[in-house]
Amino acid sequence: MLSHEPEVRVEVQNLRREFDSKERKVVALNGVSLKVREGEIFGVLGPNGAGKTTLIRILSTLLLPTSGVARVMGFDVASEPEKVRAVINMASGAERAGYDYISARGNLWFFSQLYGLPSEVAKARIKALSQLLGLDDYLDRKFYMLSTGYRQRVTIARAFINDPKIVFLDEPTIGLDVMTAMSIREFLIKEARENGRTIFLATHNMAEVDTICNRVAIIDRGRILTSDTPTNLKRSLGAPALVMEVSPLPVNLAFLGAVEGVKGFTTSVDEERGLARVQVVVESEECVRRILAGVPASGMRLVSSWRQQTTLEEVFVSLVGRGFVEREHEVGE
Amino acid sequence: MSSVKTVLASIRIGWYRDFGWTNPVTGFLMKTIAPVASVLSASIVYWLGSSAAGSFDPSHVSYIIVGAALYSHVAAYSWVPSQAISEGKWSYVFPQVFISPKSSTPFLVGRCLASFVTSTLTSLISLAFAYYVAAAIFKSSIPFIVTPLSMILLLGALLANVPATLGLGILLAAYTIFASKFEWALPTYVAGLLMVFSEALFPVSVLPWPLSAFGNVLPFTQFIRAAREAVVYGSVSAYSYYVGYSLLGGLLFLGVSLWAYRWAERQGRKKGIIDRKVV
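Residues numbered from 1 in each chain as written. Chains lettered and ligands numbered in written order. Predicted model: local features only at pLDDT ≥ 70, side-chain atom pairs only at ≥ 80, totals over all residues.

Engineer: So what about the overall build of chain A? Which residues, and what values?
Structural biologist: When helices and strands are tallied, chain A shows 11 helices and 14 strands. Along the three orthogonal principal directions, the C-alpha set of chain A runs to about 75 × 50 × 45 Å. Taking all 333 residues of chain A together, 47% fall into the buried category. Nonlocal contacts in chain A, meaning residues at least 24 apart in sequence, comprise 72% of its contacts between residues at least 6 apart. (Helix = DSSP H or I, 4+ residues; strand = E, 2+ residues; numbered from the N terminus. Buried ≥ 20, exposed ≤ 12 C-beta atoms within 10 Å, placed from the backbone. Contact = placed C-beta atoms within 7 Å.)

In structure tokens form, the structure reads like this:
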């Protein structure tokens with residue numbers, strides 16, 4: 001635990017990044033501003049294509065911003081990349097950085113040398129990290145011989161090899177089994193709490209954010225929509241979400257747009273049962289009554305309904321009006 | 001200090017990468033096959049042609065053996081920085097190296113130097129092997145100076161050529177930062193051009209001007225000339241001229257290449273292509 005006022009380690013002001021494609025200009029980040037402090041696990045939550053990876057690429061000096069300012073430990077990422085690089089590291093769940101025909105230990109040793117670690121320090125660090133991540137028995141196996149989960153553990157170990165003050169993680173547990181994901185999350189919590197490390201986590205895994213993040217920023221189409229602790233964000237919704245199963249397919253949910261107090265909804269179709277599951281973020285109990293009355297009036301049958309404890313997905317739906325999946329489809333189009 | 005550590009670690013990782021897929025002996029033998037084959041084929045083609053014309057000259061065989069072996073040497077390690085980037089983009093090693101404090105230049109230098117050592121050994125083996133095989137096949141004495149001094153001079157020429165080859169490697173690496181496909185193509189084309197312009201198999205003076213002038217100013221041409229002086233002709237003064245030219249020209253070329261690479265890195269960050277995969 002920290003005994004002093006935590007310092008600001010990442011500060012972003014009005015950050016914008018555009019990409020030129022053949023057909024059009026794509027705005028990946030549009031006026032993003034945020035602050036992240038020492039010892040904090042800060043989540044950036046949003047659907048695919050929201051701008052999370054672009055933000056991490058800029059902060060880790062892989063990409064230059066189009067405009068705006070981003071500082072890491074007070075150093076400008078655009079003009080002082082060497083100073084930023086000395087205090088950060090990063091890992092991506094989609095990429096397993098390492099040489100296939102070299103052992104996990106050999107790969108970790110190589111990356112430690114990029115940071116100028118003395119050999120003894122590097123060896124001790126590899127040992128300590130491998131114990132924390134359960135890698136001890138796998139260190140001498142060649143990288144390609146490791147399972148996906150163990151390769152990801154090596155990737156996470158690599159991201160901490162230089163004792164960085166800030167670690168940027170992009171979907172670090174994507175595609176991992178539950179136990180591996182859990183042990184990586186426990187490791188991240190320990191690193192932030194005990195070593196005061198700042199962990200900047202980009203993910204679309206809401207449960208992960210809910211479990212480990214001190215604060216979260218919800219991002220969509222390159223804009224930060226809101227930022228607070230997961231508890232405060234969920235509390236801000238007021239009433240628990242309404243979940244309804246309605247039939248027959250295809251369902252007509254146009255009436256929801258006209259019901260006062262509906263903040264947004266998501267739909268998933270269960271073809272086998274011939275019904276649609278609709279999750280509606282509501283403002284009040286009165287709103288729920290209006291919705292339930294509106295279902296038969298719109299020619300649908302209400303199969304069942306219940307209230308659900310608020311999750312961050314509902315927070316997203318309340319801000320955007322649509323769920324992650326629908327948003328990803330829209331971005332894809 | 002960290003740059004030196006990165007270079008040393010990259011040399012080591014380069015060797016592991018080259019030989020880690022098998023045992024070191026097999027790996028090394030595989031790497032020796034190509035230069036041996038290229039030296040022998042060039043000599044045999046000359047032997048067949050010149051014998052048919054009745055103008056076979058054993059000193060020409062020495063000329064070809066040295067040129068072909070050392071051309072293969074330059075071609076083998078000049079494309080390693082480019083390869084390190086393209087495979088590094090694929091495996092995501094390159095972006096990780098890029099965001100380390102000293103960034104990617106010491107890494108590319110280290111990978112190139114690792115290959116320089118391997119390629120020097122395979123080239124020397126090719127030279128020795130081709131010399132004995134050619135003498136046996138052509139049934140004639142191939143002029144070749146093998147003394148401690150000539151070997152030191154040859155090694156000196158190989159070392160003097162490092163800045164030029166590193167410069168070529170770094171320049172190709174600058175291109176590879178932008179490459180989105182066929183990243184292997186340019187080094188292959190450049191190797192082809194080098195064969196014509198570096199006096200590997202024939203004197204550049206036979207080329208029409210300005211191509212001959214272009215060949216003459218290349219540090220690689222001077223390097224191969226210096227090596228021939230060391231082990232075929234034995235003129236120390238000519239050797240000194242060529243090796244000095246090769247070293248100074250190489251350093252100049254390396255300086256330009258490093259500048260070009262820095263520019264490419266900056267453009268890469270602007271365009272967002274440092275971590276873009278090559279297809």
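Engineer: Summarise the overall build of chain B; cite the residues concerned and give the values.
Structural biologist: Scanning chain B for helices and strands turns up 12 helices and zero strands. The C-alpha radius of gyration computed for chain B amounts to 19 Å, which stays within 12% of the reference 19 Å derived for 279 residues, consistent with globular compactness. Taken over the C-alpha atoms alone, chain B extends approximately 60 × 45 × 35 Å along its principal axes. In chain B, buried positions account for 49% of the 279 residues. Once local pairs closer than 6 in sequence are excluded, the contacts in chain B between residues at least 24 apart make up 80%. (Rg over C-alpha atoms; globule rule 2.2 N^0.38 Å.)

Engineer: Describe in detail the nonpolar core, supporting the description with residues and values.
Structural biologist: The tendency in soluble globular proteins is for nonpolar side chains to be buried side by side. Of all hydrophobic cores here, the largest spans 175 residues; its most connected members are L59 and F200 of chain A together with I65, A157 and A227 of chain B. Here this core gets 13 residues from one element, more than from any other, and that element is helix 3 (residues 58–78) of chain B. Both domain 1 (8–232) and domain 2 (238–309) of chain A contribute no fewer than three residues apiece to this core. Contacts of F200 of chain A, omitting those with residues within four sequence positions, involve V10, V36, F42, I56, L59, I166, F168 and L169 of chain A. (Core = buried A, V, L, I, M, F, W, Y, C linked by C-beta atoms within 7 Å. Domains from an automatic or database assignment.)

Engineer: Mind laying out helix 2 (residues 24–53) of chain B, listing which residues take part and the relevant values?
Structural biologist: All names here are of chain B. Its 30 residues place the ends of helix 2 44 Å apart at the C-alpha level, agreeing with the 44 Å of an ideal helix rising 1.5 Å per residue. All of the buried residues along helix 2 are P35, V36, V39, A42, S43 and Y46. Each element contacted by the buried residues of helix 2 is listed here: helix 3 and helix 6 (105–138). Directly after helix 2, the chain includes G54, whose backbone phi takes a positive value near 70 degrees. (Expected span 1.5 Å × (residues − 1).)

Engineer: Summarise the environment of C213 of chain A; cite the residues concerned and give the values.
Structural biologist: Within the secondary structure, C213 of chain A is located in the loop between helix 7 (206–212) and strand 9 (215–220). When the C-alpha atoms of C213 of chain A and F19 of chain A are compared, they prove to be 30 Å apart, with 194 residues separating the residues in sequence.

Engineer: Which residues make up helix 10 (residues 312–320) of chain A, and what values do they have?
Structural biologist: All names here are of chain A. Counting buried positions over the nine residues of helix 10 gives eight, a clear majority of the element. Taken together, the buried positions of helix 10 are L312, E313, E314, V315, F316, V317, S318 and V320. Positive phi appears at G321, one or two residues downstream of helix 10, with a value of about 90 degrees.

Engineer: Can you lay out the sheet that holds strand 4 (residues 67–72) of chain A for me, pointing to particular residues and giving the numbers?
Structural biologist: Residue and element names in this part refer to chain A. If you trace the four strands from one edge of the open sheet to the other, you get 2-1-4-5, paired in antiparallel fashion. Because the sheet does not close on itself, it has two edges, and the strands there are strand 2 (25–37) and strand 5 (75–76). Examined bridge by bridge, strand 1 (residues 8–20) and strand 4 share five bridges and lie antiparallel to one another. Residue Q13 lies in a different strand from strand 4, and its bridge partner there is V69. (Pairing = 2+ DSSP bridges.)

Engineer: Report on the interface of chain A and chain B, specifying residues and quantitative values.
Structural biologist: Each side of the interface is counted separately: chain A has 23 residues, and chain B has 25 residues. For the side of chain A that touches chain B, the secondary-structure elements that each account for two or more residues are helix 2 (81–85) and helix 3 (104–114) of chain A. Residue contributions to the side of chain A that touches chain B peak at five residues, all from helix 3 of chain A. Considering only residue class, the side of chain A that touches chain B consists of 14 nonpolar, six polar and three charged. (Nonpolar A, V, L, I, M, F, W, Y, C, P; charged D, E, K, R; others polar.)

Engineer: I'd like a description of the packing of helix 7 (residues 148–160) of chain B against helix 11 (residues 219–233) of chain B, backed by residues and values.
Structural biologist: All names here are of chain B. For the pair helix 7 and helix 11, interaxial distance at closest approach is 8 Å and the crossing angle is 175 degrees. Classified by the angle between their axes, helix 7 and helix 11 sit roughly antiparallel to one another. Contacts from S150, L153, L154, A157 and A160 in helix 7 reach F223, A226, A227, A230 and V231 in helix 11. Residue composition of the contact of helix 7 with helix 11, by class: nine nonpolar, one polar and no charged. (Axes fitted to C-alpha atoms, helices over the stretch in contact; angles between N-to-C directions. Parallel < 35°, antiparallel > 145°, perpendicular 65-115°, else oblique.)

Engineer: Describe in detail the confidence of the model for chain B, supporting the description with residues and values.
Structural biologist: When pLDDT is averaged across chain B, the result is 91; 99% of the residues are at 70 or more. Scoring the predicted complex yields pTM 0.88 and, for the interface, ipTM 0.89. (pLDDT = per-residue confidence, 0-100.)

Engineer: Go over the packing of helix 3 of chain A against helix 1 (residues 2–19) of chain B with me, naming the residues and quoting the values.
Structural biologist: Across the interface, helix 3 of chain A lies against helix 1 of chain B with an axial gap of 8 Å and an inter-helix angle of 155 degrees. Between helix 3 of chain A and helix 1 of chain B, the interaxial angle falls into the category roughly antiparallel. The two elements helix 3 of chain A and helix 1 of chain B cross, and the hand of that crossing is left-handed. Here helix 3 of chain A contributes G106, F110, Q113 and L114 of chain A to the contact with helix 1 of chain B, which in turn contributes K5, T6, A9, I13 and Y16 of chain B. Of the residues that constitute the contact of helix 3 of chain A with helix 1 of chain B, the class distribution is five nonpolar, three polar and one charged. (Left-handed = near helix turned anticlockwise from the far one by under 90°.)

Engineer: Tell me what's going on with the sheet that holds strand 13 (residues 275–282) of chain A, and back it up with residues and numbers.
Structural biologist: Residue and element names in this part refer to chain A. Judged by pairing direction, the sheet is antiparallel, and its four strands sit side by side in the order 12-13-11-14 without closing on themselves. The sheet is open, and its two edges are formed by strand 12 (262–270) and strand 14 (301–308), each paired on a single side. Within the sheet, the average angular offset between the axes of one strand and its neighbour, ignoring direction, is 20 degrees. Sheet topology places strand 11 (residues 241–247) next to strand 13; five bridges connect them, and they run antiparallel. Residue M244 lies in a different strand from strand 13, and its bridge partner there is V278. Helix 10 contacts strand 11, strand 12 and strand 13 of the sheet and is inclined by roughly 120 degrees relative to strand 12.

Engineer: So what's going on with the pairing of strand 9 of chain A? Which residues, and what values?
Structural biologist: Where burial is concerned, most of strand 9 of chain A is hidden: five out of the six residues are buried. Between the antiparallel neighbours strand 9 of chain A and strand 10 (residues 223–228) of chain A lie two residues, among them R221 of chain A with a positive phi of about 50 degrees.

Engineer: Run through the pairing of strand 11 of chain A, naming residues and quoting values.
Structural biologist: Pairing geometry for strand 11 of chain A and strand 14 of chain A, over seven bridges, is antiparallel. Bridge assignment links S247 of chain A to a residue of strand 14 of chain A, and that residue is R301 of chain A.

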